[in-house]
Amino acid sequence: MLFVCYSSLDERAVLSMVGDLRNTHYEVWIDEKLHGGQPWWQEILKQIRDCEVFVLALSDNALKSKPCGAELSYARKLGLPVLPVQIGPVEHPHTLPVADLQIVDYRSRELTAQLELISSVNASAMRRQPLPATLPPDPPVPYAFLAGIATDLRAAELSYQQQAEIIDRLEAGLDEEDSTVRPEILGLLDILSARRDLYFKHAERIAAIRRAATAPGPPSEEPSERKDEPHAPPDSSAGHEVPAGFRHRRVAWISAGAAVLVILAAAAVLWIRLPADGSTEQPTQQPTEQPTQPTEQPTATVPPLTTSDGLIPQSDAIPDATLAIARRVGEVSDIFLIDSESGELGTQVTRGGSPVAEEHDPPWPSISPDRRSIVYIVQTSDASSYLRVVAADGSGDRELFDERICDRYLPPAWDPVRQDRLALACLVDGHFALRLVSLDGSVLTEFPINNAWVDDVSFSPDGSSLAYFSGTRGDPGGSIFTIRVDGPFQPVNLTGSTLDRHPVWNEDGSEIAFERGDPAGKQRRIHVMAADGSDLRAIGPSGSDNIEPTWSPDGTSIAFRSNSGTGDGDLYRYWVMDSTGENIHPLAAADTAPAAAYPAWGRR
């Protein structure tokens, strides 16, 4: 087995090299499925000890990476054959920690380079010796402080001093750590900045650090607390009292002595508080009126959506109590509307949508945020697919994009804030991609993904993040991940499983519902967790296969597919339950048509 040590900044070049090695029938291990902490580091060290050749994907990025340095040092202490393979630029080749070794130049991937790589791998494997009787001590976990901070940030309450210390450690990390870990540090700052117990002074400081970290040129002169002074709550004589009940969003720094300005930004709501230590600056209280979702505008005031070749078909908005479902009728699966309260079947939205065959996908529906249009998938006879869009009343059915941007599309999700955008996973040249696209087919963002299989994309209600599952082909599922839409593009693993699929946020973004299989692969069950992966619990029925949850628009109910009571493990129908997992009942007891795809109800 070959162990490949690399920097995540070189992922594209490394995956190309790994693919070439695997095509030559080498077994290759890279840490594409692990996500930090002690278990992650112990698994890496075990794989190093078990490998025949330690392959260093050599570049300036790898040389600056603390994990790469620790892994290389450990491999050399074990006496393993080390093969440096240059896949990127190296500024100082004569001072390398592997300057004593023959380096394979693999930047071109030409045939001569491939032959040299294969020859060098074989020669290195021949030099493999047994490990020493006494193993060297394990190197410490790189960036262990980040895992500790992530744990601290899950606390229900953080004091003024605790928040200050966290900011100190993260700011120091930005100054001292290599660039591969900067997105994680900025992501932790974002998590802290979104806390409702964040103090005003700390909100100012985080904003200044972020601007300095992302601005080009020399470091900013933005104010920041001195690290050599103890963190104390601000003196009431130096500031202005914030009235109780006043609601803030992200704050901008202004010069000393000026009044505090509060600006609204498209970001998480912050409930800014100040220390209760006798000063006049006290924590703000939650407003009497709870924040609500934007009220739905009358149909006439919603601007029509457009693509490069015309308008998106739209109709009157379907009621919040109405779902779009895919029913299998005869030889095709089509989309119908159905009332969740009465179970009454309504409009047939598509006609002849998708052939019924094992190799064909059903027409997975996705309802637009204004509930006036539906995007769905049609699969062709050659196993490729394309997206179509139709008005919610079934009119104007047409192909969505002028040109094919993927070979095969997987179910898309509408951006709930900017509904002229979709997020989707798809196959391109046999590889999975995760993309943010406009309705005219322009690819706006290509998200970095580490695992081979990505599917089931959904948006958070504020449009800031995506949830999806990612795993390895052949597994029953994967792990639930989230990633920020506008960066940093650092996937966050919420469940650490190979059995999870179909994540979807509730209406206020506080919880995510998903399905989890059992290790035997026979039954799945609906689970709900907090948006940060905590408070995991199973809800609803067990003893049957219960899959593909979707929340109602108001977050009080969950619809899903189940084979309960059908007597056929492959026959599914639609069910509904309360968000607590109670009051479980068929969506339409009289409808015997098989449920072909997940139900579409609220946002996805």
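Bear in mind that the values here come from a model prediction, so they are computed numbers and not experimental data.

1. Points about the confidence of the model for the chain
Put simply, the chain has an average pLDDT of 80, and 79% of its residues get 70 or more. A low-confidence stretch, residues 217-302 (pLDDT under 50), is modelled with 129 contacts involving residues beyond four sequence positions or located in other chains. Taken together, the stretch residues 355-359 has pLDDT below 50 and engages in 10 contacts with residues farther than four places along the chain or on a different chain.

2. Some details on the environment of Ile512
Following the sequence through the fold, Ile512 ends up in strand β26 (residues 511-517). Sequence separation between Ile512 and His527 is 15 residues; the distance between their C-alpha atoms is 8.4 Å. Once residues lying within four places of it in the same chain are set aside, the contact partners of Ile512 are Thr482, Leu494, Pro503, Val504, Trp505, His527, Val528, Met529 and Ala531.

3. A look at the state of the cysteines
Applying the stated criterion across every chain yields a total of 1 disulfide. Cys406 shares a disulfide with Cys426; S-S distance 2.1 Å. Disulfide Cys406-Cys426: torsion about the S-S bond near -50 degrees, hence left-handed. Note that Cys406 is positioned in the loop between β15 (398-399) and β16 (408-409) and Cys426 in strand β18 (residues 421-428), a separation of 20 residues in sequence. A single burial state applies to Cys406 and to Cys426, both of which are buried. Free cysteine Cys5: the closest other cysteine sulfur is in Cys68, separated by 3.4 Å.

4. Thoughts on helix α1 (residues 11-23)
The end-to-end C-alpha separation of α1 is 18 Å, in line with the 18 Å expected for 13 residues at 1.5 Å each. Every buried residue of α1 is accounted for by Glu11, Val14, Met17, Val18, Asp20 and Leu21. Contacts made by the buried residues of α1 are with β1 (2-5), β2 (28-29), β3 (53-58), β4 (82-86) and α5 (111-126).

5. Concerning the packing of aromatic side chains
Considering all chains together, one arrives at 8 aromatic pairs under this definition. Judged by centre distance (5.4 Å) and plane angle (15 degrees), the rings of Phe3 and Phe54 are stacked. Here the residue Phe3 occupies a position in strand β1, and Phe54 occupies one in strand β3, the gap between them amounting to 51 residues. Classification of Phe54 as buried rests on a relative accessible area of 0%. An angle of 90 degrees between the planes, with centres 5.5 Å apart, marks the rings of Phe447 and Phe489 as edge-to-face. Taken together, the residues Phe447 in strand β20 (residues 443-447) and Phe489 in the loop between β23 (479-484) and β24 (492-493) connect sequence positions 42 residues apart. By the ring-pair criterion, three or more aromatic residues cluster together here, those being Phe3, Trp29 and Phe54. The cationic tip of Arg327 hangs over the ring face of Phe336; the distance from NZ or CZ to the ring centre is 4.7 Å. Seen from the ring of Tyr598, Arg604 lies directly overhead, with NZ or CZ sitting 4.6 Å from the centre.

6. A word on the environment of Asp60
Turning to its location among the elements, Asp60 is positioned in helix α3 (residues 60-64). The spacing of Asp60 and Pro89 is 29 residues in sequence and 6.1 Å in space, taken between C-alpha atoms. Not counting the four nearest positions on each side in its chain, Asp60 is found in contact with Pro89, Val90 and Glu91. In this structure the side chain of Asp60 is engaged in a polar contact, spanning 2.9 Å, whose partner is the backbone nitrogen of Glu91.

7. Some points on the pattern of salt bridges
Oppositely charged side chains may form a pair once their charged atoms are brought near each other. Summed over all chains, the structure comprises 22 salt bridges. One salt bridge in this structure joins Arg484 and Asp190, with 3.9 Å as the shortest N-O distance. Of this pair, Arg484 sits in strand β23 while Asp190 sits in helix α8 (residues 182-193), placing them 294 residues apart in sequence. On the basis of relative accessible area, Asp190 is assigned to the buried category, the value being 9%.

8. Some points on the nonpolar core
A general trend in soluble globular proteins is that nonpolar side chains are found buried together. Core analysis: the largest hydrophobic core is formed by 48 residues, its most contacted members being Ile374, Leu387, Leu400 and Tyr409. Elements represented by at least two residues in this core include exactly β8 (322-329), β9 (332-339), β13 (373-379), β14 (385-391), β18, β19 (431-438) and β31 (573-578). Ranked by the residues each element gives to this core, the list is headed by β13, at 5 residues. Excluding residues within four positions of it along the chain, Tyr409 makes contact with Ile377, Ser385, Tyr386, Leu387, Phe401, Glu403, Arg404, Leu424, Ala425 and Cys426. Residues Ala413, Trp453, Trp505 and Ile512 belong to the second largest nonpolar core, which totals 27 residues.

9. Describing the sheet that holds strand β12 (residues 366-367)
Taken together, 4 strands build an open sheet; the order of strands is β12-β13-β14-β15 and the sheet is antiparallel. Two strands lie at the open edges of the sheet, namely β12 and β15, each paired on one side alone.

Thresholds applied
- Residues numbered from 1 in each chain as written.
- Predicted model: local features only at pLDDT ≥ 70, side-chain atom pairs only at ≥ 80, totals over all residues.
- Heavy atoms only, no water.
- pLDDT = per-residue confidence, 0-100.
- Contact = heavy atoms within 4.5 Å.
- Helix = DSSP H or I, 4+ residues; strand = E, 2+ residues; numbered from the N terminus.
- Disulfide = S-S within 2.5 Å.
- Buried < 20%, exposed > 50% of the residue type's maximum accessible area, 1.4 Å probe, protein only.
- Expected span 1.5 Å × (residues − 1).
- Phe/Tyr/Trp six-rings, centres within 6.5 Å; stacked < 30°, edge-to-face > 60°.
- Lys NZ or Arg CZ within 6 Å of the ring centre and 35° of its normal.
- Polar contact = N/O pair within 3.5 Å; in protein donor to acceptor, adjacent residues only side chain to side chain.
- Salt bridge = Lys/Arg side-chain N within 4 Å of Asp/Glu carboxyl O.
- Core = buried A, V, L, I, M, F, W, Y, C linked by side-chain atoms within 4.5 Å.
- Pairing = 2+ DSSP bridges.

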